[in-house]
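So you can see what is in the structure, the chains are spelled out below.
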Amino acid sequence: MATLPDGPVKMLANLAAFQAGWFACVLGGSRVGLLAVALILTLHLTWLARPGEWRWLAGFAALGLVVDGGLTLAGGFAFAEGTSLLGGMPAWLWLLWPLFATLVHHSLAWLWQYPWLAALGGATSGPLSYYAGARLAGVELAPWLLPAEALAWALICLALSGCLGKTPALARRLR
């Protein structure tokens, strides 16, 4: 299995793939998003992923069902009629979770060494991503949703920092 060299090329490819997938999901909807994310995840697992990294992708897919599925069921999102799939949310929203997981060991790996910066980054960039995505996709957000997402993403990033921000030897064992 071929891998890209470590460093800026790998990080830029990782970031570009994530961003392309984000736009495909938000602007293209579930069908386009499914095709784009399937391609990105396949390429990621083939060229960039570390051994066993598929577990992180699967774990974030499950976490997305719990977090965004629960927030959808609680009335946090109002999607266009006929778009519901997974627990009331469209597949494109759910696909963003394993897509985010592609960043965890690559472009965001440096962040986990700084727990409070990770939490702050999650608390700000998470809701900003939801806000931008909702505006582009025509999704209505409940007034309480963005603060709930800020808390959820702060906790997720803090947990990632706790798990992956340890000393390198211990972090390798936890992966």
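Rules of the game
Residues numbered from 1 in each chain as written. Predicted model: local features only at pLDDT ≥ 70, side-chain atom pairs only at ≥ 80, totals over all residues. Heavy atoms only, no water. Core = buried A, V, L, I, M, F, W, Y, C linked by side-chain atoms within 4.5 Å. Buried < 20%, exposed > 50% of the residue type's maximum accessible area, 1.4 Å probe, protein only. Helix = DSSP H or I, 4+ residues; strand = E, 2+ residues; numbered from the N terminus. Contact = heavy atoms within 4.5 Å. Phe/Tyr/Trp six-rings, centres within 6.5 Å; stacked < 30°, edge-to-face > 60°. Axes fitted to C-alpha atoms, helices over the stretch in contact; angles between N-to-C directions. Parallel < 35°, antiparallel > 145°, perpendicular 65-115°, else oblique. Left-handed = near helix turned anticlockwise from the far one by under 90°. Nonpolar A, V, L, I, M, F, W, Y, C, P; charged D, E, K, R; others polar.

Description of the nonpolar core
Part 1 of the reasoning: Judged by nonpolar contacts, the single largest core of 39 residues is most densely connected at Phe 60, Phe 100, Trp 112 and Leu 160.
Part 2 of the reasoning: Looking at this core, the elements with two or more residues in it are helix H1 (8-48), helix H2 (54-73), helix H3 (91-104), helix H4 (115-137) and helix H5 (145-164).
Part 3 of the reasoning: The dominant element in this core, judged by the number of residues it contributes, is H3, at ten residues.
Part 4 of the reasoning: Excluding residues that lie within four positions of it along the chain, Leu 160 makes contacts with Trp 56, Phe 60, Phe 100, Val 104, Trp 112 and Gly 165.

Observations concerning the environment of Lys 10
Part 1 of the reasoning: Inspection of the secondary structure assignment puts Lys 10 in helix H1.
Part 2 of the reasoning: Relative accessible area serves as the criterion here: at 12%, Lys 10 is assigned to the buried category.
Part 3 of the reasoning: As a C-alpha pair, Lys 10 and His 106 span 96 residues in sequence and 7.7 Å in three-dimensional space.

Considerations on the packing of aromatic side chains
Part 1 of the reasoning: Under the counting rule described, the total for this entry stands at nine aromatic pairs.
Part 2 of the reasoning: Seen in terms of ring centroids, Phe 79 and Trp 92 are 6.4 Å apart; in terms of plane orientation they differ by 85 degrees. Their pairing is edge-to-face. Residue Phe 79 is found in the loop between strand S1 (77-78) and H3, and its partner Trp 92 is found in helix H3; the two are separated by 13 residues along the sequence.
Part 3 of the reasoning: What links up through ring pairs into an aromatic cluster is the set Phe 60, Trp 97, Phe 100 and Trp 153.

Some remarks on the side chain of His 106
Part 1 of the reasoning: Tracing the backbone shows His 106 in the loop between H3 and H4.
Part 2 of the reasoning: Contacts of His 106, omitting those with residues within four sequence positions, involve Lys 10, Asn 14, His 44, Leu 48, Ala 49 and Glu 53.

So, the packing of H1 against H3
Part 1 of the reasoning: Close contact between H1 and H3 brings their axes to 9 Å; oriented N to C, the two are set at 15 degrees. Taken as axis vectors, H1 and H3 run roughly parallel relative to one another. As H1 runs across H3, the sense of the crossing is left-handed.
Part 2 of the reasoning: Of the residues belonging to the contact of H1 with H3, the class tally is 18 nonpolar, seven polar and no charged.

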